[in-house]
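An overview of the molecular structure
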Amino acid sequence: GDSVTQMEGPVTLSEEAFLTINCTYTATGYPSLFWYVQYPGEGLQLLLKATKADDKGSNKGFEATYRKETTSFHLEKGSVQVSDSAVYFCALREASGSARQLTFGSGTQLTVLP
Amino acid sequence: GAGVSQSPSNKVTEKGKDVELRCDPISGHTALYWYRQRLGQGLEFLIYFQGNSAPDKSGLPSDRFSAERTGESVSTLTIQRTQQEDSAVYLCASSLAGHYEQYFGPGTRLTVT
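Strand pairing in a sheet relies on backbone hydrogen bonds. The paired strands run either parallel or antiparallel. Residues and elements named next belong to chain B. Pairing within the open sheet is antiparallel, and its four strands lie in the order β1-β3-β7-β6. Pairing within the sheet leaves two strands with one partner each, and these edge strands are β1 (5-7) and β6 (65-69). Along the sheet, successive strands turn relative to each other by an average axial angle of 15 degrees, direction set aside. Pairing between β6 and strand β7 (residues 75-79): five bridges, direction antiparallel. Bridge pairing links Ala67 to Leu77 in β7.

Turning to the packing of aromatic side chains, a few remarks are in order. Per the counting criterion, the structure on display carries 12 aromatic pairs over all chains. An angle of 90 degrees between the planes, with centres 5.6 Å apart, marks the rings of A:Phe104 and B:Tyr35 as edge-to-face. Of this pair, A:Phe104 sits in strand β11 (residues 103-104) while B:Tyr35 sits in strand β4 (residues 31-37), each in a different chain. In this structure A:Phe104 comes out as buried when scored by relative accessible area, which is 7%. For B:Tyr35, a relative accessible area of 0% gives the class buried. Relative to B:Phe45, the ring of B:Tyr35 has its centre 6.2 Å away and its plane inclined at 70 degrees; by these criteria the two rings are edge-to-face. On the criterion of sequence distance, the pair formed by B:Tyr35 in strand β4 and B:Phe45 in strand β5 (residues 43-50) is long-range, its members being 10 residues apart. Connected via pairs of aromatic rings, a cluster forms that spans A:Phe34, A:Tyr36, A:Phe89, A:Phe104, B:Tyr33, B:Tyr35, B:Phe45, B:Tyr48 and B:Phe104.

Calculation notes
- Per chain, the residues get numbers from 1 upward, laid out in the order the sequence is written.
- The order in which chains are written sets their letters, starting at A; the order in which ligands are written sets their numbers, starting at 1.
- Owing to the predicted nature of the model, reporting of local features is limited to residues with pLDDT of at least 70; listing and counting of side-chain atom pairs is limited to 80 or more, with chain, interface and lining totals taken over all residues.
- Hydrogens and water molecules were not included; the side-chain quantities draw on all heavy atoms of the structure.
- Following DSSP output, two strands are said to pair if at least two bridges run between them.
- Counting from the N terminus, the helices are the DSSP runs of H or I reaching at least four residues and the strands are the DSSP runs of E reaching at least two.
- Axes here refer to lines fitted to C-alpha atoms; in helices the fit is confined to the stretch in contact. Angles between the N-to-C directions go from 0 to 180 degrees.
- Between rings of Phe, Tyr and Trp, where Trp is taken as its six-membered ring, a pair exists when centres lie within 6.5 Å; planes separated by under 30 degrees are stacked, by over 60 edge-to-face, and by other angles tilted.
- When accessible area is computed with a 1.4 Å probe and restricted to protein chains, residues below 20% of their type maximum are described as buried, those above 50% as exposed, and intermediate ones as partly exposed.

Taken by themselves, the reported measurements are silent on function.
Here's what the structure looks like:
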């Protein structure tokens, strides 16, 4: 079945550091890929998405590129802020069939220190 | 506008008791999902409702778990004869039909003692 593997945390960075959170997936066909973020005390929010190979999703300074050849969707940000401290989840949705649910990775806790 | 709401936010119950969790989706969202998040793990899909179609129950872990939805509104997830391994955060999400973005509620933290 489908699966998502993401970098284990926790990750601790200083403000303005470069961030990479690795995500790889296993799926049939060409799934849609997502990054969700969960800020402390809040529900999951969609951060960015990509629906086909070579697409780049971006939002709030975060970026991720859908790499079919490496089955990856790594999350990056050039300069993190304290307010980026949260748990980040990589997820996929099957490209075909009736399934509409998301398959999630285990989440990566990010803490940014001032 | 209002987002997805869930109640209760926290529930502590004794092993063997039944619990009922509630989800109010965003108005107009025809699709509704339940997920479970165990400590330190990702979200596991439980069940999916789309309009008046038969729900996709493929993620329910046992027959102790069931869920209902009235039309395109409130959904309840029921866990009978709770076990300690049922302890988790139960998340509900809703979306417009055919849309990728799912909007999540804050979750219900269930603790079975």
